[in-house]
Amino acid sequence: NAGVTQTPKFRILKIGQSMTLQCTQDMNHNYMYWYRQDPGMGLKLIYYSVGAGITDKGEVPNGYNVSRSTTEDFPLRLELAAPSQTSVYFCASSYVLQTDTQYFGPGTRLTVL
Amino acid sequence: KNEVEQSPQNLTAQEGEFITINCSYSVGISALHWLQQHPGGGIVSLFMLSSGKKKHGRLIATINIQEKHSSLHITASHPRDSAVYICAASTGNQFYFGTGTSLTVIP
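Presented here is a report on the structure given in the accompanying data block. (Residues numbered from 1 in each chain as written. Chains lettered and ligands numbered in written order. Predicted model: local features only at pLDDT ≥ 70, side-chain atom pairs only at ≥ 80, totals over all residues. Heavy atoms only, no water.)

**Here's the deal with the sheet that holds strand E7 (residues 59-64) of chain B**
All names here are of chain B. Rules: One bridge is not enough; two strands pair if DSSP finds at least two bridges between them. Secondary structure elements are defined from DSSP: runs of H or I of at least 4 residues count as helices, runs of E of at least 2 residues count as strands, and each element is numbered from the N terminus. Lines fitted to C-alpha atoms define the axes, with helix axes restricted to the stretch in contact, and inter-axis angles between N-to-C directions lie between 0 and 180 degrees.
Read from one edge of the open sheet, five strands run E1-E3-E8-E7-E6, paired in antiparallel fashion. Edge positions in the sheet fall to strand E1 (4-7) and strand E6 (52-56), since each has one partner strand and no second. In this sheet, adjacent strand axes meet at a mean angle of 15° when their direction is disregarded.

Below you can see the structure in the form of structure tokens.
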């Protein structure tokens, strides 16, 4: 099993550009999550999904959109990128929402200039 | 005030020392998670606990629900334990993370 994979690993965007961060898991997990990690700060939950077709906001959803058309994939869309979105983005998945081990992807380092 | 607070922020230990990292939380939890973030950035889940104590190899995690406090202990520390250790509380449909404890174990 590859676990949780993310692409790209690194990306530089200009202000106002848009992009999609890809996340795929092959563990047949129902739950998937997107987090951002800023220097010196804890991880913050952006969006999560409890299954195909169902998504919900986390703590910091503004400026992002998600979709979950399949169990395996959970892409994160940035529209009109802003410097405040410079961060490292982690995707994760788990079998159960609250009381289960989360498996993390390797992260995407995004810089918005 | 953050929902999850960790201490210390930074910790340096000699190889072989017993290490304790503390986590206090202010929210009602479904579970408390301990994560390890390697120097390269990858994150691995170490423990998930809602009561009592769990042990895996040289790592032990405990939680006191009444005091809203958890500890991560590392026995016989080794340089390969050098990493950032993150505490996270899951509650409702949210996860709250501490800012991490950066551990360096010197040979």
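**Here we look at the nonpolar core**
Formally: For our purposes a nonpolar core is just a set of buried Ala, Val, Leu, Ile, Met, Phe, Trp, Tyr and Cys residues, chained together by side-chain atoms within 4.5 Å. Working definition: with a 1.4 Å probe on protein chains only, accessible area under 20% of the residue-type maximum means buried, over 50% means exposed, and in between means partly exposed. Residue contacts are defined here by distance: any two heavy atoms, one from each residue, within 4.5 Å place the two residues in contact.
Ranked by internal contacts, the top residues of the largest apolar core, which has 23 residues, are Val4(B), Ile19(B), Leu32(B), Trp34(B), Phe47(B), Leu72(B) and Tyr85(B). Every element with two or more residues in this core is listed here: strand E3 (19-25), strand E4 (31-37), strand E5 (43-49), E7, strand E8 (69-74), strand E9 (83-91) and strand E11 (101-106) of chain B. Not counting residues up to four positions away in its chain, the partners in contact with Ile19(B) are Leu11(B), Ala13(B), Leu72(B), His73(B), Ile74(B), Ser77(B), Leu103(B) and Val105(B). The next biggest cluster of nonpolar side chains, apart from the first, holds 19 residues, and it includes Leu13(A), Met19(A), Trp34(A) and Leu78(A).

**Quick word on the pairing of E7(B)**
Residues and elements named next belong to chain B. Pairing of E6 with E7, which is carried by five bridges, proceeds in the antiparallel orientation. Within E7, the position partnered with His56 by the bridge is Leu59. Count of turn residues in the E6/E7 antiparallel hairpin: two residues, of which Gly57 carries a positive phi of about 65°. Counting the residues in the hairpin turn of E7 and E8 gives four residues, including Lys68, whose phi is positive at 55°.

**Considerations on the interface of chain B and chain A**
Which entries qualify depends on this criterion: What counts as buried area is the accessible surface, traced by a 1.4 Å probe, that two parts surrender upon association, with contributions from both included. What makes a salt bridge here is a side-chain nitrogen of Lys or Arg within 4 Å of a carboxyl oxygen of Asp or Glu, nothing more. Definition of a polar contact: a pair of N or O atoms within 3.5 Å, with one able to donate and the other able to accept a hydrogen when the atoms are protein atoms, and with sequence-neighbouring residues admitted only if both atoms are side-chain atoms. Residues are grouped as follows: Ala, Val, Leu, Ile, Met, Phe, Trp, Tyr, Cys and Pro are nonpolar; Asp, Glu, Lys and Arg are charged; all remaining types, including Gly, are polar.
Counting residues at the interface gives 20 residues for chain B, matched by 21 residues for chain A. For the pair chain B and chain A, the summed buried surface comes to about 1,700 Å²; carbon and sulfur atoms form 56% of the total. It is Ile43(B), Phe95(B) and Phe97(B) that lose the most area in chain B upon contact with chain A, and together they represent 35% of the buried surface on that side. Put simply, chain B and chain A have zero salt bridges between them. On inspection of chain B and its partner chain A, the count reaches one residue pair in polar contact (both at pLDDT 80 or more). Counting residues per element, the ones that place at least two in the side of chain B that touches chain A are E4, E5, E9 and strand E10 (94-97) of chain B. When the residues that make up the side of chain B that touches chain A are grouped by side-chain class, the tally is eight nonpolar, 12 polar and no charged.

**Some points on the packing of aromatic side chains**
The condition is simple: Working definition: rings of Phe, Tyr and Trp (its six-membered ring) pair if their centres are within 6.5 Å, and the pair is stacked with planes under 30 degrees apart, edge-to-face with planes over 60 apart, and tilted otherwise.
Summed over the entire model, instances satisfying the criterion amount to five aromatic pairs over all chains. Each ring, one from Tyr35(A) and one from Phe97(B), has its centre 5.1 Å from the other, and the planes form 85°; the classification is edge-to-face. Remark: Phe97(B) occurs in strand E10 and Tyr35(A) occurs in strand E4 (residues 31-37); the pair is interchain, linking two chains. According to the relative accessible area criterion, Phe97(B) is buried, its value standing at 10%. Here the aromatic residues Tyr33(A), Tyr35(A), Phe104(A), Phe95(B) and Phe97(B) are joined through ring pairs into a cluster of three or more.

**Looking at the side chain of Ser70(B)**
All names here are of chain B. Looking at the secondary structure, you find Ser70 in strand E8. Polar side-chain contacts of Ser70 include one of 2.7 Å to the backbone oxygen of Thr62. If near-sequence neighbours (up to four positions away) are discounted, Ser70 is found in contact with Ile21, Asn22, Cys23, Leu32, Trp34, Thr62 and Ile63.

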